[in-house]
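A closer look at the structure
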Amino acid sequence: MKNQWLEFFSGTVTVKVSGRGIERFINQLLRNGITIWDVKRYGVDTVVFSLKLQDVKSIRPLIRDSECKLTFQRRNGMPFLFKQMLRNSGLVAGAFLFLFVIMLLSNMVWRVEIKGANPATEHKIYKQLDKMGVKPGKLQFFVDDVETIQRKLTNNIQVLTWVGVELRGTTFHLEVVEKKEPKKLEELGPRHLVAKKEGVISKIYVEKGQKQVEINQHVNKGQMLVSGIIGKEEKTEIVSAKGEVYGETWYKSMVELPIKSTFQVYNGNEKQKYSIKFGSVTIPVWGFGKPNYLAYEEDTTNHKLRFLKWELPISFNDTVLREKEEVTRIYSNEEAIEVAKEIARKDIKSKLSEDAIIKGENVLHQAIDNGKVTLSIHYQIIEDIAEPQPIIQGDEE
């Protein structure tokens, strides 16, 4: 046969023909355009051959007009398999149901394991994962990909320095690195406290050591604030000075802000598309065609299909098309000045410690030129200006 697959789908039968005039019968078949193959002779009056299922109806009147007898021996091909499946529909349905259940269970989240976190942090991670839908019993198709999970955990849990997320089979494995807060160890070596920058003293708290400055006193960088040498005359003692010395310091910030700016934003319109990917072939399932958006961004999440521990070359794709539009923002002069001030405040705060306070601000220079606002702002900051300085030999004299 030249094309066995086509014959398999259409169906074939193997028949035995016995009797007188077999040669005349076969010639009659050929004259009527009936194709036969695998012709085998058994004895003088018996021949076995195969033919297409669709030619069976055409062969029946020819066998009745001959002196031969026809017997069906074998039936092959898809039509006969389909009939057999119908007769055993319960067994076939059970097999498909079994495979479906195994496939479903293989693509669910059954465990979430966290390593490297203390109990308190581990509890926070489990709560955040539960909000994200990453929990036992959830289908992996409806769970964020590992990169998204990692980013959300890092952003929402401040005590995490890094978290690695890996999906192995039906289990999410998380490796956690927590932030190590430096322990404030007791200084064993003798030291002074000196000013790390110029300022005017606003508050002093000395736990150990001898105060050397007063409130409202102007100090320069490197000037001693708290001495580590205590006592009088010959009865002196060298200690590790401890305390807090807050002073008023000064910063200057320059900000430029365009009055008119153009940028793209999401407007809230989006279209959901689902597809199944077999190897390199993608078959759309839902959300056909392109959206009627002038500009949009496409975000695709790929969910691999698994069977038990094996990853199949089949994946379920979830694609979101988000519409973007160009927005032109124009500030009034007053609005631009206020926004520029807020930008400057945020910039200053990023350079200060958490306990620093902005006492006051003064605009030194303000200009509106060439479509932008330019501000020069002077800030008065209250912050701890003390830093340790080791006491070396000779300082105590």
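A few points on the structure. (Residues numbered from 1 in each chain as written. Predicted model: local features only at pLDDT ≥ 70, side-chain atom pairs only at ≥ 80, totals over all residues. Heavy atoms only, no water.)

As a further point, take the overall build of the protein chain. Helix and strand counts for the protein chain come out as eight helices and 22 strands. The 397 residues of the protein chain split such that 32% are buried. By sequence separation, contacts in the protein chain at least 24 residues apart represent 66% of the contacts at least 6 residues apart. When the accessible surface of the protein chain is summed, it comes to about 26200 Å², and 52% of that surface belongs to carbon and sulfur atoms. Computed over 59 positive and 52 negative side-chain charges, the inter-centroid distance for the protein chain is 16 Å. (Helix = DSSP H or I, 4+ residues; strand = E, 2+ residues; numbered from the N terminus. Buried < 20%, exposed > 50% of the residue type's maximum accessible area, 1.4 Å probe, protein only. Contact = heavy atoms within 4.5 Å. Areas by Shrake-Rupley, 256 points an atom, 1.4 Å probe, with all protein chains shown as cover. Lys, Arg positive; Asp, Glu negative; His and termini not counted. Charge placed at Lys NZ, Arg CZ, Asp CG, Glu CD.)

This part takes up helix H3 (residues 56–64). Along H3, the residues that are buried comprise Val56, Ile59, Leu62 and Ile63. On an axial view of H3, the arc spanned by its buried residues comes to 115°, and they lie on one face. Relative to its buried face, H3 has exposed residues pointing more than 90 degrees away, namely Lys57 and Arg64. Along its buried surface, H3 packs onto strand E1 (12–19), helix H2 (22–31), strand E3 (46–52) and strand E4 (68–76). (Arc of directions from axis to C-beta.)

A cluster of nonpolar side chains, namely Leu97, Phe100, Val101, Leu104, Leu105 and Trp110, defines an oily patch on the protein surface of about 540 Å² accessible area. Inspection of the secondary structure assignment puts Phe100 in helix H5 (residues 89–106). You can call Phe100 exposed: its relative accessible area is 51%. (Patch = residues over 30% accessible without salt bridge, like charges linked within 9 Å, V, L, I, M, F, W, Y side chains within 5 Å. Salt bridge = Lys/Arg side-chain N within 4 Å of Asp/Glu carboxyl O.)

Turning our attention to the packing of H2 against H3. Interhelical geometry of H2 versus H3 gives an angle of 145° and a closest axis separation of 11 Å. For the pair H2 and H3, the sense of crossing is right-handed. The residues of H3 that touch H2, namely those facing Phe25, Gln28 and Leu29, are Ile59, Leu62 and Ile63. Split by residue class, the contact of H2 with H3 holds five nonpolar, one polar and no charged. (Axes fitted to C-alpha atoms, helices over the stretch in contact; angles between N-to-C directions. Left-handed = near helix turned anticlockwise from the far one by under 90°. Nonpolar A, V, L, I, M, F, W, Y, C, P; charged D, E, K, R; others polar.)

Moving on: the pairing of strand E2 (residues 36–41). Here four bridges tie E2 to E3, and the two strands are oriented antiparallel to one another. Pairing of Trp37 across the sheet is with Ser50, part of E3. Connecting E2 to the next strand, E3, in antiparallel fashion are four residues, including Gly43 with a positive phi near 75°. (Pairing = 2+ DSSP bridges.)

Spatially, three strands are ordered E5-E7-E6 in an open sheet, and the strand pairing comes out mixed. Looking at which strands have only one partner, the edges of the open sheet turn out to be strand E5 (111–115) and strand E6 (160–168). Between one strand axis and the next, the sheet turns by 20° as a mean value, whatever way the strands run. Where E5 lies against strand E7 (residues 171–178), five bridges are found, and the strand directions are parallel. Bridge pairing in E7 places Arg111 opposite Thr171. Contacts from helix H6 (residues 119–132) reach E5, E6 and E7, with the element oriented near 145° to E5. Set on the sheet, helix H7 (residues 146–156) makes contact with E6 and E7; between it and E6 the angle comes to about 155°.

This part takes up the packing of H6 against H7. Close contact between H6 and H7 brings their axes to 11 Å; oriented N to C, the two are set at 130°. Taken as axis vectors, H6 and H7 run oblique relative to one another. As H6 runs across H7, the sense of the crossing is right-handed. In contact with Ile125, Gln128, Leu129 and Met132 of H6, H7 contributes Ile149, Lys152, Leu153 and Asn156. Of the residues belonging to the contact of H6 with H7, the class tally is five nonpolar, two polar and one charged. (Parallel < 35°, antiparallel > 145°, perpendicular 65-115°, else oblique.)

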